[in-house]
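Here is how the chains run, residue by residue.
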Amino acid sequence: MQLHPGIPCQSATEENAFRDICIFLITIYVEAWFRCPAAIEAPYNDFIFLKKLIEYPDKAISETATHKFCGHLWYLAPETLKSTQNNDDTIKKIVLSKEGIKTFIKKELHEFVSPETVNFFSRFKISADFIDFHPDNWKEREDYKKGINILTELSVINDVAERGVKLIQEYNSILTKDENQKQFLLQIVNDYRTNYPDCKKNTLIRL
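Not measured: the values here are computed from a predicted model.

Undergrad: Could you give an account of the side chain of Asp 143, naming the residues involved and the relevant values?
TA: One can find Asp 143 in helix H6 (residues 142-152). Other than its neighbours up to four places away in sequence, Asp 143 contacts Ser 127, Asp 129 and Phe 130.

Undergrad: Tell me about the packing of aromatic side chains, residues and numbers included.
TA: We describe a pair of aromatic rings using the distance from one ring centre to the other and the angle between the two ring planes. Enumeration over the complete set of coordinates arrives at eleven aromatic pairs. Look at Phe 120 and Phe 124: their rings are 5.0 Å apart centre to centre, the planes differ by 50°, and that puts the pair in the tilted class. Taking relative accessible area as the criterion, Phe 120 reaches 32% and is therefore assigned partly exposed. Note on Phe 124: relative accessible area 27%, which makes it partly exposed. One aromatic cluster is present, built from ring pairs that chain together Phe 24, Tyr 29, Trp 33, Phe 49, Tyr 56 and Phe 69.

Undergrad: Outline unusual backbone geometry, supporting the account with residue identities and numerical values.
TA: The phi torsion at Lys 125 lies on the positive side, around 55°, for a residue other than glycine. Along the chain, Lys 125 falls in the loop between helix H5 (118-123) and H6.

Undergrad: Account for the nonpolar core, with residues named and values stated.
TA: By size, the foremost hydrophobic cluster in this structure holds 16 residues, and its most contacted members are Phe 24, Ile 28, Leu 50, Leu 53, Phe 69 and Ile 105. For this core, the secondary structure elements donating two or more residues are helix H1 (12-35), helix H2 (42-55), helix H3 (59-70) and helix H4 (98-104). A per-element tally of this core places H2 first, with five residues. Excluding residues within four positions of it along the chain, Leu 53 makes contact with Phe 24, Ile 28, Ser 62, Ala 65, Thr 66 and Phe 69. In this structure, Phe 121, Phe 130, Tyr 144 and Leu 151 belong to the second largest nonpolar core, which totals five residues.

Undergrad: Tell me about a positive patch on the surface, and please be specific about residues and values.
TA: A surface patch of positive charge is lined by Lys 59, Lys 98, Lys 102 and Lys 106. The topology assignment puts Lys 102 in helix H4. With a relative accessible area of 60%, Lys 102 lands in the exposed category.

Undergrad: Let's hear about the confidence of the model for the protein: which residues, and what values?
TA: Predicted confidence across the protein gives a mean pLDDT of 75, with 71% of residues reaching 70 or more. Segment residues 1-7: pLDDT under 50, and eleven contacts once partners within four positions in sequence are set aside and those in other chains are kept. Low pLDDT, under 50, characterises residues 79-92; the predicted model gives this stretch 22 contacts beyond four residues in sequence or across chains.

Undergrad: Help me get a handle on H2, residues and values and all.
TA: The first and last C-alpha atoms of H2 sit 20 Å apart over 14 residues, in line with the 20 Å expected at 1.5 Å per residue. Restricting attention to buried positions, one finds in H2 the residues Ala 42, Asn 45, Asp 46, Phe 47, Phe 49, Leu 50, Leu 53 and Ile 54. In the core, the buried residues of H2 are packed alongside H1, H3 and H4.

Undergrad: Could you give an account of H1, naming the residues involved and the relevant values?
TA: Spanning 24 residues, H1 covers 34 Å between terminal C-alpha atoms, matching the ideal 34 Å at 1.5 Å per step. Tyr 29 marks where H1 bends most, by close to 50°.

Undergrad: Quick rundown of the packing of H2 against H3? Include the residues and the values.
TA: Between H2 and H3, the least distance of the axes is 8 Å, while the angle of their chain directions is 150°. Comparing the axis directions of H2 and H3 gives the class roughly antiparallel. Contacts between H2 and H3 involve Asp 46, Phe 49, Leu 50, Leu 53 and Ile 54 from the former and Lys 59, Ser 62, Ala 65, Thr 66, Phe 69 and Cys 70 from the latter. Its residues assigned to classes, the contact of H2 with H3 comprises seven nonpolar, two polar and two charged.

Criteria and thresholds
The written sequence of each chain sets the order in which its residues are numbered from 1. In view of the model being predicted, local features appear only for residues whose pLDDT reaches at least 70, and side-chain atom pairs are presented and counted only at 80 or more, with totals across whole chains, interfaces and linings using the full set of residues. The side-chain figures draw on all heavy atoms in the structure; neither hydrogens nor water molecules are used. In this text, helices come from DSSP runs of H or I with a minimum length of four residues, and strands from runs of E with a minimum of two, each type numbered from the N-terminal end. A contact between two residues is defined here by any heavy atoms of the two lying within 4.5 Å. Only centres within 6.5 Å qualify two rings of Phe, Tyr or Trp (six-membered ring in Trp) as a pair; their planes then separate them into stacked at under 30 degrees, edge-to-face at over 60, and tilted for everything else. Between buried and exposed lies partly exposed: a residue is buried under 20% and exposed over 50% of the maximum accessible area for its type, with that area taken using a 1.4 Å probe on protein chains only. Residues enter a nonpolar core if they are buried and are Ala, Val, Leu, Ile, Met, Phe, Trp, Tyr or Cys, with the set joined through side-chain atoms within 4.5 Å. Within the patch definition used here, like charges are joined within 9 Å and nonpolar side chains (Val, Leu, Ile, Met, Phe, Trp, Tyr) within 5 Å, considering only residues with over 30% relative accessible area and no salt bridge. Where accessible areas are quoted, they stem from the Shrake-Rupley method and a 1.4 Å probe; at the residue level, only the protein chains shown are allowed to cover. Here, a salt bridge means any side-chain nitrogen of Lys or Arg that lies within 4 Å of a carboxyl oxygen of Asp or Glu. All tallies of charge rest on Lys and Arg as positive and Asp and Glu as negative; His and the ends of each chain are not included. Working definition for charges: the position is that of NZ of Lys, CZ of Arg, CG of Asp or CD of Glu. Summary of the metric used: pLDDT quantifies the predictor's per-residue confidence within the range 0 to 100. Given a helix with a known number of residues, its expected span is that number minus one, times 1.5 Å. The seven residues ending at a residue and the seven starting there each receive a fitted axis; the angle between those axes is the bend at that residue. Only the contacting stretch of a helix is used when fitting its axis, a line to C-alpha atoms as for every element, and angles between N-to-C directions run 0 to 180 degrees. Should an angle fall under 35 degrees it is taken as roughly parallel, and over 145 as roughly antiparallel, whereas 65 to 115 is taken as roughly perpendicular and any remaining angle as oblique. In this classification, the charged set is Asp, Glu, Lys and Arg, the nonpolar set is Ala, Val, Leu, Ile, Met, Phe, Trp, Tyr, Cys and Pro, and all remaining amino acids, among them Gly, are polar.

Structure (structure tokens):
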């Protein structure tokens, strides 16, 4: 029995496990993977993703994936989390308890707003005056438009960096095993990115 020519499967159990993983990737994970670099959508997308993980019908996959994902929810509101501290009494990591997950996913969006929310606007130098007006009028206000533009340009740095590192590692191993050649390749890529910082037509014409 095999899943694909050249990929032998030792038993029906392995085949079923492989199928279950593929179903999970296609129905749940792929969408989240492609949408996660969008910083402006990340908190809401992660919240929806967590709900999907918890409600996923395969409980073994649901519990494993939920446990893993909860280890990355370090930016969530303090009142919904339990924090662990180091010897310097500074927050080292924020953990969403297993018991708190079920309560957490029942929350509505407005429940995440707190007095500290305004600090977000000051950190990015975004005017919060539009909040005093009805949401139907926000899109017509310049302060709101400016805020949206700032947030749209944000990158999920860690995620992009990790993907880049993984990609270059795989690419390097395919091209050459020689360490000198790998270093030479990285220099070429660096020079190219310096000369061509983007793929806009004006940049290519100028250089």
